[in-house]
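If you want the building blocks of each chain, they are given just below.
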Amino acid sequence: MNAIHNPMLANQLTSVKLLINGEFVDSKTTEWQDIVNPATQEVLGKVPFATTEEINAAIASAQNAFASWSQTPIQARMRIMLKLQELIRIHAKEIAKVLTAEQGKTLADAEGDIQRGLEVVEHACSIGTLQMGEYVEGVARGVDSYTLQQPLGVCAGITPFNFPAMIPLWMFPMAIVCGNTFVLKPSEQDPLSTMMLVELALQAGVPAGVLNVVHGGKEVVDLLCTHNDIKAISFVGSTAVGTHVYNLAGQHGKRVQSMMGAKNHAVIMPDANKQQTLNALVGAAFGAAGQRCMALSVAVMVGETKNWLAEFVEKAKTLSVNAGHEPNTDVGPVISPRAKARVIDLINSGVEQGAQLLLDGRDVQVKGYEQGNFVGPTIFSQVSTDMRIYKEEVFGPVLAVICVDTLEEAIALVNANPFGNGVGLFTQSGATARTFQHQINIGQVGINIPIPVPVPFFSFTGSRGSKLGDLGPYGKQAVQFYTQTKTITSRWFEDSQDSGKVNTTINLG
Ligand code: NAD
């Protein structure tokens, strides 16, 4: 088994490398950013903001590699994915430790982050059937029609900080297994675990130039969105940046998928299984410190379920706030002091705007980790839709509760919110569930499932302010996104066939 560079074991601070044309290289930039452990403020390494020359070199290397990679037989591409899934499985625990150190989430959650990405790599191993075209024999006399799904060229991916394993794995495995080459721009806040996965991709046999990595922020992203040789951009991150990326790359003729921010609701009906529901709500609202794009932000309590609130608050109080690597931690730190300040500001705004603070996580102290970016579980009731705490994505362990009288009111409330990423319904009634799934305008719907992230055979979706672009990451939609459909209509003449008469109509027959 080959080792990978483990920044936690290195005896000096890691300077994160760029990956250009199969080589891990040091950036020549003068601009660097520290990678900081959110529980301790310990500096784990530094990440370069790549220069224009370096970004151009990465794109040029991907462009050169495309000619040969796109001609590589599909089974050979698939076998690299088979090897990659094996290597990720072997190194998962080691990568999870690094992920927890740089991102803050618990070790169990870090392993889940890797596992969900690994499932996409497993799915990429089915590319032979996924990329299969369609064929209809006899669309006219002696004429057949069929489609080819051909790769686009160089594609690029821009990823957020909250899933440094899963989201890069949503992107580059599907893009390259379809025959494209790729330039990845990971989050500058936690690129260490992403780089371990990239190293495994090279070990698995991804040839030089097929996968490249550049680091940085807005300047790198804008160059990727405007470069002539890039054909498609996959973006995951906030709505503000995702809208900018969608517009800029779209103006430059690229195919774009932009998966963006969220404000996820759960609707709780009086006939729901009370204990199962309360447990699910606590986990979905406060797990991963609320830093999931599918985290629960708003509980819509229908009818008498408002009487469940006191019990709900007691359950939330039992969660342990601590560093992610400590055993039994439920809620780790948020990513940065800036992120913590933003969450606190939003909690303050909720108080100022008149919501009732049932549980206050602002002053939580964690023994031994006094410098950590911790916010404890926070619950507001009497929230109204004009409050900032309702309108803005908090991205912290904060839940707003709104009480309504009927299912119809709940559906109208959820559908009026500008975001459309995820929603959950808790009920024991099939009829209620069916009405809800039909009428709700949200990409991912869970029925008695608090965080309904689709498995990789389906695609991650989203509607309204949570997604721009028609096709989502992974699943069948990813194959459509990363390929161009070509339709062939063909007729073959027997040598013995006489020339017919000239036909000036469009009738194929
Ligand atoms: P972010 O938008 O700040 O950053 C995402 C990426 O964009 C990073 O690689 C970053 O370097 C780059 N970037 C930042 N500012 C930029 C700018 N001005 N111009 C161009 N590029 C820029 O997001 P984040 O804070 O890293 O991640 C959290 C966000 O991601 C949340 O809003 C969350 O809901 C969202 N998210 C969405 C999904 C989804 O599938 N819908 C999944 C995960 C996270």
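What you see is a predicted model; the values in this text were computed from it and never measured. (Residues numbered from 1 in each chain as written. Predicted model: local features only at pLDDT ≥ 70, side-chain atom pairs only at ≥ 80, totals over all residues. Heavy atoms only, no water.)

Asker: Can you tell me about the site of the ligand, naming the residues and giving the values?
Answerer: Taken together, 27 residues surround the ligand, and among them Thr159, Lys185, Glu188, Ser238 and Glu393 come closest. Separating an oxygen atom of the ligand from a side-chain N or O atom of Lys185 is a distance of 2.7 Å. With respect to the ligand, the backbone of Gly237 contributes an N or O atom lying 3.3 Å from an oxygen atom. At the level of elements, helix H5 (166-177), helix H7 (218-226), strand E11 (230-236) and helix H8 (239-251) are the ones that each hand at least two residues to the shell around the ligand. (Near = heavy atom within 4 Å. Polar contact = N/O pair within 3.5 Å; in protein donor to acceptor, adjacent residues only side chain to side chain. Helix = DSSP H or I, 4+ residues; strand = E, 2+ residues; numbered from the N terminus.)

Asker: Pulling in residues and values, what's your account of the domain arrangement of the protein?
Answerer: Taken domain by domain, the protein holds domain 1 (15-260 + 466-487) and domain 2 (264-447). Once you take the C-alpha centre of each, domain 1 and domain 2 turn out to be 31 Å apart. Taken residue by residue, the interface counts 19 residues in domain 1 and 24 residues in domain 2. Together domain 1 and domain 2 conceal approximately 1700 Å² of surface at their shared face, both sides included; 57% is due to carbon and sulfur atoms. Summed over the shared surface of domain 1 and domain 2, the number is one salt bridge. When the shortest N-O distance is used, the salt bridge between Arg292 and Asp109 registers 3.2 Å. In this assembly, domain 1 and domain 2 are joined by eight residue pairs in polar contact (both at pLDDT 80 or more). Listing elements by their share of the side of domain 1 that touches domain 2, those giving two or more residues are helix H2 (74-103) and helix H3 (107-124). Among the elements that make up the side of domain 1 that touches domain 2, the one with the highest residue count is H2 (three residues). (Domains from an automatic or database assignment. Contact = heavy atoms within 4.5 Å. Buried area = accessible area lost by both parts, 1.4 Å probe. Salt bridge = Lys/Arg side-chain N within 4 Å of Asp/Glu carboxyl O.)

Asker: Go over the environment of Leu223 with me, naming the residues and quoting the values.
Answerer: For Leu223, the position within the fold is in helix H7. Leu223 gets classed as buried once you look at its relative accessible area, which sits at 16%. Residues Leu223 and Thr52, spaced 171 residues apart in sequence, show a C-alpha to C-alpha distance of 8.0 Å. Filtering out sequence-adjacent residues up to four positions away, Leu223 remains in contact with Thr52, Ile55, Asn56 and Ile59. (Buried < 20%, exposed > 50% of the residue type's maximum accessible area, 1.4 Å probe, protein only.)

Asker: Break down the pattern of salt bridges for me, citing the residues and quoting the values.
Answerer: The final tally for this structure, using the stated rule, is 14 salt bridges. Close ionic contact of Lys17 with Asp26 constitutes a salt bridge, the shortest N to O distance being 3.0 Å. Two residues, Arg362 and Asp360, come together in a salt bridge whose shortest N-O distance is 2.9 Å. Judged by relative accessible area, Asp360 falls into the partly exposed class, the value being 39%.

Asker: Outline the sheet that holds strand E4 (residues 32-36), listing residues and values.
Answerer: Within a beta sheet, neighbouring strands are joined by backbone hydrogen bonds and run either parallel or antiparallel to one another. Taken in spatial order, the three strands make up an open sheet running E1-E5-E4, and their pairing is mixed. The open sheet is flanked by strand E1 (14-15) and E4, the only strands paired with a single partner. (Pairing = 2+ DSSP bridges.)

Asker: I'd like a rundown of helix H9 (residues 274-286), residues and numbers included.
Answerer: Taking 1.5 Å per residue, 13 residues should reach 18 Å; H9 reaches 18 Å between its end C-alpha atoms and fits that length. Here H9 has its buried residues at Thr277, Leu278, Ala280, Leu281, Val282, Ala284, Ala285 and Phe286. On its buried side, H9 packs onto strand E13 (264-268), strand E14 (296-302), helix H10 (309-317), strand E16 (378-381), strand E17 (398-404) and strand E19 (422-426). Backbone geometry just after H9 places Ala288 at a positive phi near 55°. (Expected span 1.5 Å × (residues − 1).)

Asker: An account of the packing of aromatic side chains is needed here, citing residue identities and associated values.
Answerer: Under the counting rule described, the total for this entry stands at six aromatic pairs. Seen from their ring centres, Phe161 and Phe395 are 5.9 Å apart, and the 85° between their planes marks the pair as edge-to-face. With Phe161 in the loop between strand E8 (154-158) and H5 and Phe395 in the loop between helix H12 (388-391) and E17, this pair connects stretches of sequence that are 234 residues apart. On the basis of relative accessibility, which here comes to 12%, the residue Phe161 falls in the buried class. Judged by centre distance (5.3 Å) and plane angle (65°), the ring pair of Trp170 and Tyr474 falls under edge-to-face. Here Trp170 is found in helix H5, whereas its partner Tyr474 is found in the loop between strand E22 (467-468) and helix H15 (475-481), with 304 residues between them in sequence. Summarising the burial analysis for this pair, Trp170 and Tyr474 share the class buried. Among the aromatic residues, ring-to-ring pairing joins Trp170, Phe460 and Tyr474 into one connected group. (Phe/Tyr/Trp six-rings, centres within 6.5 Å; stacked < 30°, edge-to-face > 60°.)

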